[in-house]
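Given next are the chains, with one letter for each unit.
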Amino acid sequence: MKSTMQANQLGLALLLRHACRVNGRSRIVSVTADGLRVEQTFAELAQRAGRLAHALEERGFPAGTVVGTLAGASREHLEAYLGVPASGRILHTINVRLHADQQAYIAEHANDEVVILDSQNLEGFASFAHRLPKLRLVVTVGSRAASVAPQVPCETIDYEMLLAEGAPRIDWPDIDENEAAIICFTGGTTGLPKGVAYSHRSIWLQAMSICTANSVGLSSNDCLLPAVPLYHVNGWGLPFAALMAGCDLILPGASMHPSALIALIEAESPTIAAGVPTIWSDVLSEMRARGLSRLGRLKSVSCGGAQVPHRLIDDYAALGIGMVQAWGMTETSSMSAIAQTPAWVSSADDRHRCASAQGRVVCGLEVRVSDLDGATLPTDGVAVGEIQIRGPWVTQSYLDVEDQNHLQDGWLRTGDLGTVDSDGFIRLTDRLKDAIKSGGEWIPSLALESAIRSHPSVLDVAVIAVPDERWQERPAAIVVLKPDETASAPALRAHLLGKVAKWWIPEHWAFTDAIPRTSVGKIDKKRIREIAGASIPWTLTANQEGASTSAAPSMR
Ligand code: AMP
């Protein structure tokens, strides 16, 4: 028997209608690309998003047009977040911290026709804009555009002037909930970045899950500060959840600097915040340096994207702020598990164990543990295997990628190794992936290796992650030089300038005579990690290495 229920479509049009008709008075405070404070209501946001959608329509960009963004966490970016997909176009957020080559690759593969960018990103964008065959319009936000605009091979227009061309649309019609709404590329851990296209339905469902009390728990009594770039997995879905809940939203703009965040917290009094551990650890250091013992009205911080050190959780608890660890990935629409402590936990030890777990999946998602041959392992908190996940906001495939290696019987292989216990707590132990997660952002080891390898003195190189107190992980390079070559670490670092993003460049270098390899000739990173040990400084020695070396390597 069919149900009798209405089959209305979930999605961003419905979210915008609710945001302006029900939550119209809730506020968004944002820092503009020029560093100014701007406040607007949800109703005003919906109107400006309407103008944007209308102006794009008037200029002949039909439904399905892909609109890229290279922007900070600003109101203009949020307007594009809503106005572009809610009108049937597709938003594509480009990570502003990537090297221009990667940004070009991503923008080209997403078929960006329009790009909206903060004016300070225009110069970088102009260096690769000619590689985008479909590009027809560049929209600049902020006042620093004029000098470079001519270098872009298409029309450029100021964002406010574009908005002035459109009428404020208020009747957002429904869109098929399974259509793509936003494209986000992965960090490219195993090679090139891969595109994930979130649907209207997946964004809606994930936002609802964030609003529930077992997750972040947002309501119209809250004020949220997501210290999360909007290009990172839809800002973890938090802007959508805030609009759904009628929760005031503070957008920090382009800077996540600790002093800027503390100033925002003091001035705007958010009750809930989110972000990667590095940001919150920097905020803590800044507070200590300034002798601060309070952070306004802040009562909780959802922290994830990388392992949250338990000391950080304890330090925030001492300030009266509950820091809750969350786990997720681009492919799972971000926050998928969250480490809230259930009421049945009574002892301090168990409380500690829960808080230091990656969390329990929110209702709607399921996880299992699998060995590398595909057998499902018990969820007993002991058996270690790959964490696999499925659910309506987990990706089924990647854009333009044929193979299905990322799936096993319909479950997404996360590449994270760990356990799941009988209460559903996930604890990660390691990663199958070789990328480095520094301050919440990926540094793909393969790309870094190939840049180092391009130095004429380098014969071979492996890059691994090493623990770092501030950034969680930093890259370390193990280099084999060609015979009679003497290139030093500073020379190799200088070689990387301009070839990769500055923050990718390793501080840690070791030199050896051979890189350990597996039986099929692949670099054996597991073995290298074992040799490198858990802490810096480290060295490789001929004996430990188990490879044919004639001399012990040294740090230079
Ligand atoms: P991304 O797709 O950039 O969001 O990266 C997702 C990956 O970040 C996951 O597969 C994990 O390897 C890592 N990650 C995310 N959250 C956590 C966490 N709380 N603890 C440890 N690793 C995490």
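Every value quoted in this text rests on a predicted model; they were computed, and no experiment measured them.

Chemist: In this structure, what is going on with the sheet that holds strand β7 (residues 155-158)? I would like to understand it.
Modeler: Think of a sheet as strands paired side by side through backbone hydrogen bonds, with each pair either parallel or antiparallel. In space, the seven strands of this open sheet follow the order β7-β6-β5-β3-β4-β8-β9, with mixed pairing throughout. In the strand order of this sheet, the two ends are held by β7 and β9 (195-199), each with one partner. Along the sheet, successive strands turn relative to each other by an average axial angle of 20°, direction set aside. With four bridges joining them, strand β3 (residues 66-70) and strand β5 (residues 114-118) adopt parallel strand pairing. Each bridged residue has a counterpart across the sheet, and for Val67 the counterpart in β5 is Val114.

Chemist: Can you walk me through the environment of Gly195 in this structure?
Modeler: Positionally, Gly195 belongs in strand β9. In this view, Gly195 contacts Cys184, Phe185, Tyr398 and Leu399; residues no more than four positions away in its chain are not counted.

Chemist: Before we go on, may I ask you to explain the confidence of the model for the chain in this structure?
Modeler: Regions with low pLDDT carry predicted coordinates that are not meant to be interpreted in detail. Mean pLDDT over the chain works out to 89, with 92% of the residues at or above the 70 mark. Predicted confidence for residues 534-556 stays below pLDDT 50, and this span has 50 contacts to residues more than four positions away or in other chains.

Chemist: Would you mind showing me how to read the side chain of Thr395 here?
Modeler: By secondary structure assignment, the location of Thr395 is in the loop between β19 (385-390) and β20 (407-408). Residue classification places Thr395 among the buried residues on the basis of a relative accessible area of 12%. Engagement of the side chain of Thr395 in a polar contact is seen with the backbone oxygen of Ser397, the distance being 2.7 Å. Setting aside chain neighbours within four positions, we find Thr395 in contact with Val196, Glu331, Leu407 and Leu412.

Chemist: Hey, could you run me through empty space enclosed by the protein in this one?
Modeler: Under the counting rule described, the total for this entry stands at two cavities of 30 Å³ or more. Here the largest cavity defines a volume of roughly 220 Å³. Together, 17 residues line the largest cavity, and Asn95, Phe185, Thr186, Gly187 and Glu441 are the ones closest to its centre. Secondary-structure elements contributing two or more residues to the lining of the largest cavity are β8 (180-185) and β24 (441-443). Split into classes, the residues belonging to the lining of the largest cavity amount to nine nonpolar, seven polar and one charged. Split by domain, the residues of the lining of the largest cavity number at least three in each of domain 1 (8-204) and domain 2 (435-540).

Chemist: Help me understand the pairing of strand β13 (residues 300-304), please; the structure alone is not making it clear to me.
Modeler: Within a regular strand, side chains alternate between the sheet's two faces. Most of β13 is tucked away, with five of its five residues classed as buried. What you see with β13 is no split at all: Ser300, Ser302 and Gly304 on one side and Val301 and Cys303 on the other are buried throughout. Where strand β12 (residues 272-275) and β13 come together, four bridges link them in parallel fashion. Following the sheet pairing, Ala273 is matched in β13 by Val301. Following the chain from β12 across helix α10 (residues 277-289) to the adjacent parallel β13, one finds a crossover that is right-handed. In this fold, the crossover linking β13 to strand β14 (residues 322-329) by way of helix α11 (residues 310-318) has right-handed handedness.

Chemist: Help me out: how do you make sense of the pairing of strand β26 (residues 472-481) in this one?
Modeler: Most of β26 is tucked away, with ten of its ten residues classed as buried. Where strand β25 (residues 458-468) meets β26, ten bridges bridge the pair, whose relative direction is antiparallel. Bridge assignment links Asp460 to a residue of β26, and that residue is Val480. In this structure, the hairpin formed by β25 and β26 is closed by a connection of three residues. Where β26 lies against strand β27 (residues 508-511), four bridges are found, and the strand directions are parallel. In the strand pairing of β27, Ala477 is matched with Trp509. Crossover handedness for the path β26 to helix α14 (residues 489-496) to β27: right-handed.

Chemist: Could you clarify how one ought to interpret the packing of helix α2 (residues 42-58) against helix α3 (residues 75-86) in this entry?
Modeler: Packed helices, taken two at a time, are described by the angle between their axes plus the distance between the axes. At a minimum axis separation of 8 Å, α2 and α3 run at an interaxial angle of 65°. Helix-helix and strand crossings are classified by hand; for α2 and α3 the assignment is right-handed. Residue-level contacts link Leu45, Arg48, Ala49, Leu52, Ala53 and Leu56 of α2 to Arg75, Glu76, Leu78, Glu79, Ala80, Leu82, Gly83 and Val84 of α3. Of the residues assigned to the contact of α2 with α3, the class counts are nine nonpolar, one polar and four charged.

Conventions we followed
Residues numbered from 1 in each chain as written. Predicted model: local features only at pLDDT ≥ 70, side-chain atom pairs only at ≥ 80, totals over all residues. Heavy atoms only, no water. Pairing = 2+ DSSP bridges. Helix = DSSP H or I, 4+ residues; strand = E, 2+ residues; numbered from the N terminus. Axes fitted to C-alpha atoms, helices over the stretch in contact; angles between N-to-C directions. Contact = heavy atoms within 4.5 Å. pLDDT = per-residue confidence, 0-100. Buried < 20%, exposed > 50% of the residue type's maximum accessible area, 1.4 Å probe, protein only. Polar contact = N/O pair within 3.5 Å; in protein donor to acceptor, adjacent residues only side chain to side chain. 1 Å grid on protein atoms, 1.4 Å probe; cavity = no way out; pocket = protein on both sides within 12 Å on 5 of 7 lines; lining within 4 Å. Points joined across faces, edges and corners; volume = space filled by probe spheres on them. Nonpolar A, V, L, I, M, F, W, Y, C, P; charged D, E, K, R; others polar. Domains from an automatic or database assignment. Right-handed = clockwise from strand over helix to strand, strands pointing away. Left-handed = near helix turned anticlockwise from the far one by under 90°.

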